[in-house]
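# Overview (structure and organization)
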Amino acid sequence: MSNSESASGPDEALVWHLVRHGETEWNRSRRIQGQTDIALNQSGKHQITQLGERLATSEFSAIYASDLSRTTESAQIIRGKRNVTVQVESELREFSYGEWEGLTFEEAQARDPEGFATRMAGRNVDFAAPGGENMLQLIDRARRFHDRVRSQHKPGDQLLVVAHGGSLLALLNCLLGLPAERVWSFRLDVASLSIVKSYSGVGVLELWNDTSHHTRPHQR
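Residues numbered from 1 in each chain as written. Predicted model: local features only at pLDDT ≥ 70, side-chain atom pairs only at ≥ 80, totals over all residues. Heavy atoms only, no water.

### Some points on the pairing of strand β1 (residues 14–20)
Counting buried positions over the seven residues of β1 gives seven, a clear majority of the element. Burial along β1 is two-sided: L14, W16, L18 and R20 facing one way and V15, H17 and V19 facing the other are all buried. In this structure, β1 lies alongside strand β5 (residues 193–199), joined through six bridges in antiparallel fashion. When the sheet's bridge partners are listed, V15 is paired in β5 with K197. Note that β1 and strand β4 (residues 158–163) share six bridges and pair parallel. Residue pairing for β4: L18 is matched across the bridge by V161. (Buried < 20%, exposed > 50% of the residue type's maximum accessible area, 1.4 Å probe, protein only. Helix = DSSP H or I, 4+ residues; strand = E, 2+ residues; numbered from the N terminus. Pairing = 2+ DSSP bridges.)

### A closer look at the packing of aromatic side chains
Two measures describe an aromatic ring pair: the distance that separates the ring centres and the angle between the ring planes. Across all of its chains, the model carries six aromatic pairs by this definition. Ring geometry for W100 against F127: centres 5.9 Å apart, planes inclined by 40°, an arrangement best described as tilted. A residue pair is termed long-range when its members are at least 10 positions apart, and W100 in the loop between β3 (86–89) and α5 (105–111) and F127 in the loop between α6 (113–121) and α7 (135–152) qualify at 27 residues. Exposure remark for F127: the relative accessible area of 18% places this residue in the buried category. An angle of 70° between the planes, with centres 5.4 Å apart, marks the rings of F186 and W208 as edge-to-face. Taken as a pair, F186 in the loop between α8 (165–176) and β5 and W208 in strand β6 (residues 202–210) lie far apart in primary sequence, 22 residues in all. Here the aromatic cluster, defined as three or more aromatic residues joined through ring pairs, consists of F95, Y97, W100, F116 and F127. We note R119 situated over the ring of F95; from NZ or CZ to the ring centre the distance is 4.8 Å. (Phe/Tyr/Trp six-rings, centres within 6.5 Å; stacked < 30°, edge-to-face > 60°. Lys NZ or Arg CZ within 6 Å of the ring centre and 35° of its normal.)

### Points about α8
The terminal C-alpha atoms of α8, which comprises twelve residues, lie 16 Å apart, in line with the 16 Å expected from a rise of 1.5 Å per residue. Counting buried residues along α8, eleven of its twelve residues qualify, which places the element largely inside the surrounding structure. Taken together, the buried positions of α8 are G165, G166, S167, L168, L169, A170, L171, L172, N173, C174 and L175. On the buried face of α8, the contacting elements are β1, α7, β4, β5 and β6. (Expected span 1.5 Å × (residues − 1). Contact = heavy atoms within 4.5 Å.)

Structure follows, in structure tokens:
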């Protein structure tokens, strides 16, 4: 008996394919992106192309992406020639870091050592960088997306969701019904694939942060 059957019986699941966007120059230089609209770099395009090849035979009922260019471009690359529209969703935007956006992690720590320690080391879900949002706010908008999308689909549908590290972690909390604080128990690499199967009232994590499709990037 599979893990899915043991948890939920033989019913069909609504399958969520969760993809973090490919690399950007700010990822590479360790700058805090948040909701700043930074495009994929060449390495990121290559990573996502490889992931698209891995998913080439997947039949998606719907494709959703954050409205930032690094995610919409990633979604379009994976979409390929499928006759499925990429639906752009502002609720999937990355965590807003406010005044920290554009800073390296070292610069943010130097500017606001107490706040940086609270957010990065303390993992406080109530903390917001100046002008930004806290994790509870991010989970609330991820839940609005989750509830709406789940009501629009039926068991057996395959969904592709292309978003960001923070917003996908928030969505995972909704899919698995986890306490808000557990969002920090997971990590996501760029251009990674994760899969969650939703049964009636039960979410089953089938695959997490898989980057086995990555190979050496082309020379830039």
